[in-house]
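Descriptive analysis of the structure
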Amino acid sequence: MFGYQNRKARVAGLDGGALDVLRTNVMLADTDLNITYMNASATALMREAEADLRKELPHFSMARLVGSNIDIFHKKPAHQRQMLAALKAPHAATIRIGPRAFDLLVTPLWDGTRRSGFVVEWADAKARLLNLDYAAQLAAIDRSQAVIAFTVDGTVIEANDNLLKTMGYGIEEVRGQPHRMFMGQQFDEATYQELWSDLRSGKPRMGQFRRFGKGGREVWLEATYNPILDGAGKVAKVVKFASDITVQVKLLTDLKTMIDRNFSAIDQAIGESTEEASAASAAADETASNVQLVAAASEELAASIGEIARSMANSRTATDAAFEQTVSVAQSTEALANAAQAMTSIVGLIRNVASQINLLALNATIEAARAGEAGKGFAVVASEVKNLAVQAAAATQQISGEIDGIQATSAAVASALGTIRDAVTTVRESVTQTAAAVEEQSVVTRSMSGNMHGASTAVTTVSTSVGGISAAVLRAAEAVATTRRAAEVLVR
């Protein structure tokens, strides 16, 4: 196979044996873009990448690569063919095939004025692209952070502008100087030696560090000390990436002062709130008990007033009945008086008739006397009539006396009944007013009882709420304690 490759290489004007010993990955193609040769380095590269290339190019085969067309590397080779047809000078490009990236340098070969083929130099672009990415990252770090490099014994090698600006120095003032120049006058020597011992052993260190810039100005850095290894795995230097947190540390210091000054006042206030909540809870419980007792008494009072209201209603009914009976008796008495008055008229008539009879009898007696013997019988009759008239007059006088007595009694009864009616009316009005007042009092008492039950419920709710407030104060105290611990951790 290599004999075929060498022969094709010689046809292209190149020595195949010389190409095989090159570390450069070389591939030759003829004018029809058929691959005619691959040196050992290119063959090794393609063999190592074969599995990844097949993910994108299912028909790719390292065993059949020599003799195939370079179109095998492209899904749509028309663009590459057009570009190569017009190629007159070396052309560099980067292609991606699946997860792989390759840097290519395509150089046209000429046999006098006639193109005889192409030389393609392949290189795995992974390392170059990674280096570009790393360089971009380092540039970003250099723009945003303070960076300084030391030898393993702590001597400053280089520092970027951010570091120099933060510390207030120029590069010539720090280059070649020991790291100790940033430590100030007083520091823990044992801790400092431990730091550099860890770094020389390859252990990175990170944290917040107090340092001093030019003129003794205090500077706080959030930094990482990173040991950098050489090809043999030994620490070659130490690079520190840092951010200036001086302002933040000052804020945290002020916060710590505030914590020390104010949290004691907060604790005292919460303690007082707890005591007041406990006292309020006890008072609310006692009030609730008293209100419940008042509510029970209100219910009993309402029941008693209700009973009185019912009794007054009965009294009002009885009084109304008595008033009606009194009115009826008064009417009967008035009828009796009227009847007696009518009898008086009759008695008067009878008395008048008896008087006339008596007068007639007297005249008859006189006429009988004048008549002599002839008038004796008539005189007897006249005498009898006169006696009857006298008896009638006497009876009439007695009846008149009795009627006068009846009239006097009726008048007295009527007067007494009037007085009784007035008294019953007064009692009736009083009972009516009392019944209305009792009914109103019953309504008020029932309302008061309902209100007291509502107040009892409200006081119970207040008691529960005070309990909730007390629990909330306790939770607030726990939250403040937690916040205080967190704040103390924050400002350490």
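An account of the accompanying structure is given in this report.

The rules behind each value
Residues numbered from 1 in each chain as written. Predicted model: local features only at pLDDT ≥ 70, side-chain atom pairs only at ≥ 80, totals over all residues. Heavy atoms only, no water. Helix = DSSP H or I, 4+ residues; strand = E, 2+ residues; numbered from the N terminus. Buried < 20%, exposed > 50% of the residue type's maximum accessible area, 1.4 Å probe, protein only. Contact = heavy atoms within 4.5 Å. Areas by Shrake-Rupley, 256 points an atom, 1.4 Å probe, with all protein chains shown as cover. Salt bridge = Lys/Arg side-chain N within 4 Å of Asp/Glu carboxyl O. Polar contact = N/O pair within 3.5 Å; in protein donor to acceptor, adjacent residues only side chain to side chain. Core = buried A, V, L, I, M, F, W, Y, C linked by side-chain atoms within 4.5 Å. Pairing = 2+ DSSP bridges. Axes fitted to C-alpha atoms, helices over the stretch in contact; angles between N-to-C directions. Patch = residues over 30% accessible without salt bridge, like charges linked within 9 Å, V, L, I, M, F, W, Y side chains within 5 Å. Expected span 1.5 Å × (residues − 1). Phe/Tyr/Trp six-rings, centres within 6.5 Å; stacked < 30°, edge-to-face > 60°.

Examining the overall build of the protein chain
- Scanning the protein chain for helices and strands turns up ten helices and ten strands.
- Sorting the 492 residues of the protein chain into buried and exposed places 30% on the buried side.
- Restricting the contact set of the protein chain to residue pairs at least 6 apart, pairs at least 24 apart contribute 53%.
- Surface exposure of the protein chain reaches about 29,400 Å², of which carbon and sulfur atoms provide 58%.

Digging into the pattern of salt bridges
- By the definition in use, this model includes 15 salt bridges.
- With a closest N to O distance of 3.0 Å, E173 and K214 form a salt bridge. Separated by 41 residues along the polypeptide, E173 in helix 7 (residues 171-174) and K214 in the loop between strand 8 (205-212) and strand 9 (218-229) bring together distant segments of the chain.
- Assessed through its relative accessible area of 35%, E173 is described here as partly exposed.
- One salt bridge connects R180 with E189, and the closest N-O pair in it is separated by 2.6 Å.
- Judged by its relative accessible area of 33%, R180 falls in the partly exposed class.
- Look at E189 and you get partly exposed, because its relative accessible area is 33%.

Here we look at the side chain of N160
- Along the chain, N160 falls in the loop between strand 7 (156-159) and helix 6 (161-167).
- Engagement of the side chain of N160 in a polar contact is seen with the backbone oxygen of Q145, the distance being 2.9 Å.
- Here the side chain of N160 touches L163 through a polar contact of 3.0 Å, landing on its backbone nitrogen.
- Look past the residues within four positions of N160 in its chain and what remains in contact with it is D142, Q145, A146 and V147.

What to know about the nonpolar core
- Judged by nonpolar contacts, the single largest core of 27 residues is most densely connected at M27, M38, M46, L65, F73, F102 and W122.
- Broken down by element, this core gets its largest block of residues, five residues, from helix 3 (residues 40-56).

Looking at the pairing of strand 4 (residues 100-111)
- In terms of strand pairing, strand 3 (residues 91-97) meets strand 4 through seven bridges, oriented antiparallel. Looking across to strand 4, one finds that T94 is bridged to D103.
- The antiparallel hairpin formed by strand 3 and strand 4 contains two residues in its connecting segment, where G98 sits at a positive phi of about 60°.
- Inspection of the sheet shows strand 4 paired to strand 5 (residues 114-124) by ten bridges, in the antiparallel sense. Considered in strand 5, the bridge of L104 is made with W122.
- Counted between consecutive antiparallel strands, the loop separating strand 4 from strand 5 contains two residues, among which G112 sits at a positive phi close to 70°.

Structural notes on the sheet that holds strand 5
- Taken in spatial order, the five strands of this open sheet run 2-1-5-4-3, and their pairing is antiparallel. Looking at which strands have only one partner, the edges of the open sheet turn out to be strand 2 (35-38) and strand 3. Taken pair by pair, the neighbouring strands of this sheet meet at an average axis angle of 30°, ignoring direction.
- Contacts between helix 3 and the sheet are confined to strand 1 (25-29), strand 2, strand 3, strand 4 and strand 5, with strand 4 contributing the most and set at about 130° to the helix.

What to know about a nonpolar patch on the surface
- Taken together, the side chains of L359, L362 and I366 define a hydrophobic patch exposed on the protein surface, amounting to about 260 Å² of accessible area.
- Residue placement: L359 occurs in helix 9 (residues 246-371).

Overview of helix 8 (residues 189-200)
- The terminal C-alpha atoms of helix 8 lie 17 Å apart, and with twelve residues this matches the ideal 16 Å at 1.5 Å per residue to within 8%.
- Tucked inside the fold, the buried residues of helix 8 contact strand 6 (146-150), strand 8, strand 9 and strand 10 (235-244).
- Capping of helix 8 at its N-terminal end is provided by D188; its side-chain oxygen lies 3.1 Å from the backbone amide nitrogen of A190.
- Positioned one or two residues after helix 8, G202 has a phi angle of 95°, which is positive.

Side note on the sheet that holds strand 6
- Ordered in space as 7-6-10-9-8, the five strands form an open sheet in which the pairing is antiparallel. Two strands lie at the open edges of the sheet, namely strand 7 and strand 8, each paired on one side alone. Within the sheet, the average angular offset between the axes of one strand and its neighbour, ignoring direction, is 30°.
- As paired strands, strand 8 and strand 9 are joined by eight bridges and run antiparallel to one another. By the bridge assignment for strand 9, F209 is matched with L221.

As for the packing of aromatic side chains
- Applying the stated criterion across every chain, the model contains eight aromatic pairs.
- Here F60 and F73 contribute two aromatic rings whose centre-to-centre distance is 5.8 Å and whose plane-to-plane angle is 55°, an arrangement assigned as tilted. Pair noted here: F60 is in the loop between helix 3 and helix 4 (78-85) and F73 is in the loop between helix 3 and helix 4, with a separation of 13 residues, a long-range link. Accessibility assignment for this pair places F60 and F73 in one class, buried.
- The structure contains a cluster of three or more aromatic residues connected by ring pairs, namely F60, F73, F102 and W122.

Concerning unusual backbone geometry
- One non-glycine residue, L33, lies in positive phi territory at about 70°.
- Counting through the fold element by element, L33 comes out in the loop between strand 1 and strand 2.

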